[in-house]
Amino acid sequence: MAELVADHVLERLTEWGIHRIYGYPGDGINAFLGAFDRAGGDPEFIQVRHEEMAAFMACGHAKFTGEAGVCIATSGPGAIHLLNGLYDAKLDHQPVVAIVGQQAMASLGGSYQQEVDLTTLFKDVAHECVHMATDPAQIRHLVDRAVRIALDQRTVTCIVVPNDLASEKAVETPPHEHGTVHSGLGYSRPKVVPEDGDLERAARVLNESQKVAILIGQGAMNAADEVVETAEKLGAGVAKAVLGKSVLPDDLPFVTGAIGLLGTKPSWDLMMGCDAFLMVGSSFPYSEFLPKEGKARGVQIDIDGRMVGIRYPMEVNLVGGAKETLQTLLPKLERKDDRSWREEIEDGVGEWWTLIEARAMEEADPVNPQRVFHELSERLPDGAILTSDSGSAANWYARNIKLRKGMMGSLSGTLATMGPGVPYAIAAKFAHPERPVFALVGDGAFQMNGMNELITIAKYWQRWRDPRLVVLVLNNHDLNQVTWEQRALEGDPKYEASQVLPDFPYARYAELLGFKGIRVDSPDDVGPAWDEALAATTPVVYEAVTDPEVPPLPPHITFQQARQYITAMAGDPDRGAMLKESFKQKIQEFVPGR
Ligand SMILES: Cc1ncc(C[n+]2csc(CCOP(=O)(O)OP(=O)(O)O)c2C)c(N)n1
Ligand SMILES: [Mg+2]
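Residues numbered from 1 in each chain as written. Chains lettered and ligands numbered in written order. Predicted model: local features only at pLDDT ≥ 70, side-chain atom pairs only at ≥ 80, totals over all residues. Heavy atoms only, no water.

(A) Spotlight on the site of ligand 1. Among the 16 residues in the neighbourhood of ligand 1, the closest are listed as Ser392, Asp443, Gly444, Asp478 and Asn480. Ser392 places a polar side-chain atom, nitrogen or oxygen, 2.5 Å from an oxygen atom of ligand 1. One nitrogen or oxygen atom from the main chain of Gln481 is found 2.9 Å from an oxygen atom belonging to ligand 1. Of all the secondary structure elements, the ones that give two or more residues to the shell around ligand 1 are helix H16 (443-460) and helix H17 (480-490). Residues that form the shell around ligand 1 fall into these classes: six nonpolar, eight polar and two charged. (Near = heavy atom within 4 Å. Polar contact = N/O pair within 3.5 Å; in protein donor to acceptor, adjacent residues only side chain to side chain. Helix = DSSP H or I, 4+ residues; strand = E, 2+ residues; numbered from the N terminus. Nonpolar A, V, L, I, M, F, W, Y, C, P; charged D, E, K, R; others polar.)

Now the structure itself:
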């Protein structure tokens, strides 16, 4: 029996299967802290260093478990801090419920201390469901709706609870009278399959075409076998939007890897050469990496009818679950006997991996970041979970890491915000304490917030069965991704005032926290340092002193961009190093045929 409204909220959340809530205290949620205490660890309050991190962790929990993630913050400043993490979840379609405190009901509208209009503030990020409770009898249905809507719509929902209401006596079952709501628990995802006629039309498009390109995203996550079978039958290649990286292993010969700015040349060739384009569970945005309008016949599969036909003018839009839709489509597909397109793709993939390895091994000053990822990739233990921050790390994660079956990986795919690398990894560790987890982050992201969350790791790591949480920090003294964007997209040289980062002893900082700190500033040490990190019995910070002049640029930068790039060189303070270390890589990329 719940005593107070706050107890009731927590109890109801546990009935929904939620046992861990990431948060930070404050007087807007004081009643909840007492309730957590009374709950005796179920749900458990996980204390983070900043509310944005709590929201990232809730999002990471959702990404690595498929369950709803929950975060809690106090009124005013705490609630405001949540926002960026919540937008990350919303844009990547993750079910996250935010519980936020509010000042006392009696004070609202009084320009009161820490009074912020929270339902208006959260109206965009949680537009499917944001409500402020004003009566204890609302709690049951507000929790039920917030969790159910988050799961069903794969989005962010929010309940605002004023602090005086939270301390009122709970009303677990509203009175049976006019004006009360009687809700219940439970949500099961339905199987959604398109109409037969639409499947027939889709099959016709794919059967009539010769060169099929498949693009998958995270929406295909539970449909790996079906995607493989479809690709086999159609003699197709499969490219992956980066959120869908773990859908299919990277060691399959017809998987061309990532697409887009972080992508690969075989993915580019696949899209440019195809005559049919099958997109499954992805909303990959950049049209220049997709076939030209009218060049390929298109079929799209997506569970969300709002997301079909918005990236390419598809001939057939199938609204349905990836797995069940492909299962019903497969018997209608004919096996293509001419395998020449498939062979062309596989040859390209083979060459690409050779090129990627060669690039990783090229000299740099002092360490080539690609080598750090390459050597990790070769050593990844089974079941590893990887997170990447936004920055150059995302490029190397997308291109150089070969995920194998059973591994997971994620990053901020759509908001592409800096900051989730370490908090996602923490959420992965809580959800899967027996699995090794790797956070791949830049020095900018680490300085922004990752290093603070190391304190959270220090607080909790000893309860994880496998202590291996390895944070790779790319110490390049630069906000490198943006530096290269300035060069390539704007034609501007590196602007040192905004781009150069202060030095910091990342590995030594790890040691202060009782972790293993490894600093690598020589190429030959890269591999042995990974061995050391993997053998560690504590969390690890692997600080790699990497060369900011290795370009994390798209595989097919245009000639115009290249021209701007070269012009920019003239005024660039690092011109000499760039020409020596990396321009040859760019040349290799420009040359093939375009
Ligand atoms: C919150 C936020 N601020 C700014 C950006 C723009 N941005 C994207 S990548 C990046 C640089 C990241 O630098 P660092 O973490 O050092 O990684 P590097 O690219 O140097 O490897 C910046 C500033 C962003 N995506 N998110
Ligand atoms: Mg950096």
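From this point, things continue past the structure.
(B) Local environment of a negative patch on the surface. Negative charge collects at one region of the surface, where Asp337, Asp338, Glu343, Glu344, Asp347 and Glu351 lie side by side. Mapped onto the secondary structure, Asp338 falls in the loop between helix H11 (322-329) and helix H12 (340-361). (Patch = residues over 30% accessible without salt bridge, like charges linked within 9 Å, V, L, I, M, F, W, Y side chains within 5 Å. Areas by Shrake-Rupley, 256 points an atom, 1.4 Å probe, with all protein chains shown as cover. Salt bridge = Lys/Arg side-chain N within 4 Å of Asp/Glu carboxyl O. Lys, Arg positive; Asp, Glu negative; His and termini not counted. Charge placed at Lys NZ, Arg CZ, Asp CG, Glu CD.)

(C) Quick peek at the sheet that holds strand S11 (residues 297-302). Across the sheet, which stays open at both edges, the six strands sit in the order S9-S8-S7-S10-S11-S12 with parallel pairing between neighbours. At either margin of the open sheet sits one strand with a lone partner, and together these are strand S9 (255-258) and strand S12 (316-319). Neighbouring strand axes in the sheet, compared pairwise and without regard to direction, differ in orientation by 15° on average. As defined by bridge partners, S11 adjoins S12 across four bridges and the pair is classed as parallel. By the bridge assignment for S12, Ile301 is matched with Leu318. Most of the contacts of helix H10 (residues 265-273) go to strand S7 (residues 212-216), to which it runs at about 125°, and overall it touches S7, strand S8 (237-240), S9 and strand S10 (276-280). (Pairing = 2+ DSSP bridges. Axes fitted to C-alpha atoms, helices over the stretch in contact; angles between N-to-C directions. Contact = heavy atoms within 4.5 Å.)

(D) Quick peek at the side chain of Asn400. The topology assignment puts Asn400 in helix H14 (residues 392-400). Apart from the residues lying within four places of it in its own chain, the contact partners of Asn400 are Ile356, Ala360, Gln370, Phe373, His374, Ser377 and Asn395.

(E) Focus on the sheet that holds strand S13 (residues 385-388). Strand order across the open sheet formed by six strands is S14-S13-S15-S16-S18-S17, with parallel pairing between neighbours. Of all the strands in the sheet, the pair left with one neighbour each is strand S14 (408-410) and strand S17 (516-520). Averaged over all neighbouring strand pairs, the angle between strand axes comes to 15°, with direction disregarded. Here strand S15 (residues 437-442) runs beside strand S16 (residues 469-475); their pairing, made up of six bridges, is parallel. Residue pairing for S16: Ala439 is matched across the bridge by Val471. This element, H16, spans S15, S16 and strand S18 (540-545) of the sheet and lies at about 155° to S16.

(F) Region of interest: the packing of helix H8 (residues 196-208) against H11. Where H8 contacts H11, the two axes come as close as 10 Å, and the packing angle between them is 70°. The pairing of H8 with H11 is recorded here as roughly perpendicular in orientation. Note on element contacts: H11 touches H8 through Thr325, Thr328 and Leu329, opposite Leu199, Ala202, Ala203 and Leu206. For the contact of H8 with H11, the residue count by class is five nonpolar, two polar and no charged. (Parallel < 35°, antiparallel > 145°, perpendicular 65-115°, else oblique.)

(G) Fine view of the state of the cysteines. Under the defined criterion, the tally for this structure stands at zero disulfides. Take Cys71: it sits in no disulfide, and the sulfur closest to it among the cysteines is that of Cys158, at 8.5 Å. Assessed through its relative accessible area of 0%, Cys71 is described here as buried. (Disulfide = S-S within 2.5 Å. Buried < 20%, exposed > 50% of the residue type's maximum accessible area, 1.4 Å probe, protein only.)

(H) Looking closely at the coordination of the magnesium ion (ligand 2). Within the first shell, the magnesium ion (ligand 2) binds the protein through Asp443 (OD), Asn476 (OD1) and Asp478 (O), at distances of 2.0 to 2.2 Å. For the magnesium ion (ligand 2), the donor residues sit on a single chain with the sequence spacing D-x32-N-x1-D. (Donors = N, O, S within 2.8 Å, 3.2 Å for Na, K, Ca; no water.)

(I) Layout of the side chain of Thr325. For Thr325, the position within the fold is in helix H11. Residues in contact with Thr325, not counting those within four places in the same chain, are Val192, Val193, Pro194, Leu199, Ile301, Leu318 and Gly320.

(J) Structural detail: the pairing of strand S4 (residues 96-102). Burial of S4 is extensive: seven of the seven residues sit out of reach of the surface. Regarding the hand of the β-α-β motif, the stretch spanning strand S3 (residues 69-73), helix H4 (residues 77-91) and S4 is right-handed. (Right-handed = clockwise from strand over helix to strand, strands pointing away.)

(K) Region of the structure containing H10. Turning to H10, its buried residues number three or more, namely Pro266, Ser267, Trp268, Leu270 and Met271. In the core, the buried residues of H10 are packed alongside S7, S8, S9, S10 and H12.

(L) Structural view of unusual backbone geometry. Here the bond from Asp42 into Pro43 is cis, since omega is 5°, no more than 30 degrees from zero. Tracing the backbone through its elements, the reader meets Pro43 in the loop between helix H2 (30-39) and strand S2 (44-47). The peptide bond linking Asp365 to Pro366 adopts the cis configuration, its omega dihedral lying at -10°. For Pro366, the location among the structural elements is in the loop between H12 and helix H13 (369-379). Located in the positive-phi region is His93, a residue other than glycine, with phi close to 60°.

(M) Quick peek at H11. Considered for burial, the residues of H11 that qualify are Ala322, Glu324, Thr325, Leu326 and Leu329. Here the buried face of H11 lies against H8, helix H9 (224-234), S10, S11 and S12.

(N) The pattern of salt bridges, seen in detail. Counted by the stated rule, this structure contains 29 salt bridges. Where salt bridges share partners, they join Arg371, Glu375, Arg379 and Asp531 into one cluster.

(O) Looking closely at the nonpolar core. Counting residues in hydrophobic clusters, the biggest one holds 56 residues, and the most contacted among them are Leu86, Phe122, Phe446 and Val471. In terms of residue count, the dominant contributor to this core is helix H3 (residues 51-65) (eight residues). In contact with Leu86, other than residues within four places in its own chain, are Ala55, Cys71, Val96, Ala98, Phe122, Val125 and Val156. Counting 38 residues, the second-largest nonpolar core is a separate cluster that includes Phe373, Ala393, Phe438 and Ala533. (Core = buried A, V, L, I, M, F, W, Y, C linked by side-chain atoms within 4.5 Å.)

(P) Examining the pairing of S3 more closely. Of all five residues that make up S3, five are buried, and the element is covered over most of its length. Residues of S3 alternate between two faces, with Gly69, Cys71 and Ala73 on one and Val70 and Ile72 on the opposite face, all of them buried. Where strand S1 (residues 20-23) meets S3, two bridges bridge the pair, whose relative direction is parallel. Counterpart to Gly23 in the pairing with S3 is Ile72.

(Q) Representation of the packing of H3 against helix H15 (residues 421-431) in the model. Axis separation between H3 and H15 bottoms out at 7 Å; the angle between their running directions is 50°. Between H3 and H15, the crossing angle belongs to the class labelled oblique. Crossing of H3 over H15 shows right-handed handedness. Residue-level contacts link Met53, Phe56, Met57, Cys59, Gly60, His61, Lys63, Phe64 and Thr65 of H3 to Pro423, Tyr424, Ile426, Ala427, Ala428 and Ala431 of H15. Taken together, the residues of the contact of H3 with H15 break down into eleven nonpolar, three polar and one charged. (Left-handed = near helix turned anticlockwise from the far one by under 90°.)

Nothing here speaks to function; it is geometry throughout.
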